[in-house]
Amino acid sequence: MADEPLVLGIETSCDETGVGVVRGTTLLADAVASSVDSHARFGGVVPEIASRAHLEAMVPTIERALKEAGVSPRDLDGIAVTAGPGLAGALLVGVAAAKAYAYALGKPLYGVNHLASHICVDQLEHGKLPEPTMALLVSGGHSSLLLAPDITSDVRPLGATIDDAAGEAFDKIARVLDLGFPGGPVIDRLAREGDPAAIAFPRGLTGSRDPVYDFSFSGLKTAVARWIEAKKAAGEPVPVRDVAASFQEAVVDVLTRKAVRACVDEGVDHLMIGGGVAANSRLRALALERCERAGIRLRVPRPKLCTDNGAMVAALGAEMVARNRPPSDLELSADSSLPVTDPHVPGDPDAMGHSHSHSHSHSHSHDHVHEISKDNLYS
């Protein structure tokens, strides 16, 4: 284990300041500072508040993670950071911090993809990922089906949400039911006491002519809201637990059905589920049931590793080091719309002294929110 790469990972794509320390596929520390309470009264994440919270939490959270791991910054083999996708200002704080630490310590820097990190975190729970890996990622910002022959260099999107992500739908329905923010945990809790078959809510994009692997939850969200409005207009009480259970069932039914079909169609005998909504108890139960029926092995990290965290970024960074992937350079930019097909952002081969080929362009100048050179980093 001592010769496996020791990597610190920084995650600031949304409202969690996450810092993890990983050696190979072993988790040494996972420190998180959340600003969720600051956003609750607004009913959603406010980007400016999130960015300010990251600034305040960054150094203490890094120090806490290093202390928990029992390692010195000088021991690190690399520093990984979420370069995108995510909230531009929030990403900027993490990228700037990672560059500062990498520069000061003389360590290689790895700008990695948030979604690929959500897949790679499962290595900390269940060991090395099979190749290829089929992953269903479900969170507040993403609902994606991904095939990853190589998590460090080859991630292929099979399907994605065309409107609201699953987690976003949970938050919006929780708001309609006056359940507060975030909506996922409270709907999950109430649904256990409700009847999932009480109300026949629609299953989006499940018709014979619909895209096989894409998701849509906007129509479901509207149907639930109208059902609740009709009850209130008629002066009848809203059966909150039944609504929660029926809504949740509609979401997880579609997610698991499409994920299992993708595994069967692609000849992949296992399924990995990640992202914040993967903490949902009904999603886990239905996925297990359907995977067992189809002869597919299910891999789901423990709930704490499903939500945004630094451990997942460190896990992908450690894999980058282990596979000798080229590090990023200090011109690394936060890219709010970094495509999942780019698991990481390698540096300029001429500037870095590495020879490598990379098939994707990184000239999204309109998305780049931070350009800084090594010369003026501490000016």
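Here, the structure is the one placed above.
Residues numbered from 1 in each chain as written. Predicted model: local features only at pLDDT ≥ 70, side-chain atom pairs only at ≥ 80, totals over all residues. Heavy atoms only, no water.

**Regarding the side chain of Asp329**
We count it as follows: Numbering of helices and strands runs from the N terminus, with a helix taken as a DSSP run of H or I at least four residues long and a strand as a DSSP run of E at least two residues long. Residue exposure (1.4 Å probe, protein chains only): buried if accessible area is under 20% of the type maximum, exposed if over 50%, otherwise partly exposed. Counting rule applied: Lys, Arg positive; Asp, Glu negative; His and chain ends not counted. Counted as salt bridges are all cases of a side-chain nitrogen of Lys or Arg within 4 Å of a carboxyl oxygen of Asp or Glu.
By the element assignment, Asp329 lies in the loop between helix 12 (310-322) and strand 11 (344-345). Here Asp329 sits buried without a salt bridge, and the closest side chain of opposite charge, Lys99, lies 7.3 Å off (N-O distance).

**Details of the sheet that holds strand 11**
For the record, the criterion: Two strands pair under a simple rule: DSSP has to find at least two bridges between them. The contact definition used throughout considers only heavy atoms, calling two residues in contact when any of these lie within 4.5 Å. Lines are fitted to the C-alpha atoms to define the axes, a helix being fitted only along its stretch in contact, and any angle between axes, read from their N-to-C directions, falls within 0 to 180 degrees.
With respect to topology, six strands assemble into an open sheet ordered 3-2-1-4-5-11, the strand pairing being mixed. In this open sheet, the two edge strands, each paired with only one partner strand, are strand 3 (26-34) and strand 11. In this structure, strand 1 (residues 6-11) lies alongside strand 2 (residues 16-23), joined through six bridges in antiparallel fashion. Considered in strand 2, the bridge of Gly9 is made with Gly20. Sheet strands in contact with helix 2 (residues 47-69) are strand 1, strand 2 and strand 3, and its direction is about 155 degrees off that of strand 3. Contacting strand 1, strand 2, strand 3, strand 4 (78-84), strand 5 (109-113) and strand 11, helix 12 crosses the sheet at an angle of about 135 degrees to strand 1.

**A few points about the packing of aromatic side chains**
To be explicit about the condition: For Phe, Tyr and Trp, rings pair up if their centres lie within 6.5 Å, where Trp contributes its six-membered ring, and each pair is then called stacked (planes under 30 degrees apart), edge-to-face (over 60) or tilted (otherwise).
Applying the stated criterion across every chain yields a total of three aromatic pairs. Look at Phe170 and Phe247: their rings are 5.1 Å apart centre to centre, the planes differ by 70 degrees, and that puts the pair in the edge-to-face class. Note that Phe170 is positioned in helix 6 (residues 166-176) and Phe247 in helix 9 (residues 240-266), a separation of 77 residues in sequence. With relative accessibility at 2%, the residue Phe170 sits in the buried group.

**Focus: the nonpolar core**
The tendency in soluble globular proteins is for nonpolar side chains to be buried as a group. The condition that has to hold: Side-chain atoms within 4.5 Å are what join buried Ala, Val, Leu, Ile, Met, Phe, Trp, Tyr and Cys residues into a set we call a nonpolar core.
Counting residues in hydrophobic clusters, the biggest one holds 49 residues, and the most contacted among them are Leu136, Phe247, Leu255, Leu271 and Ile273. For this core, the secondary structure elements donating two or more residues are strand 6 (133-138), strand 7 (143-150), helix 6, helix 7 (183-191), helix 8 (218-233), helix 9, strand 9 (270-274) and helix 10 (281-294). The element best represented in this core is helix 9, accounting for 13 residues. Beyond its immediate stretch of four places on either side in the chain, Ile273 contacts Leu136, Val138, Ala278, Leu283, Ala287, Leu298, Arg299, Val300 and Pro301.

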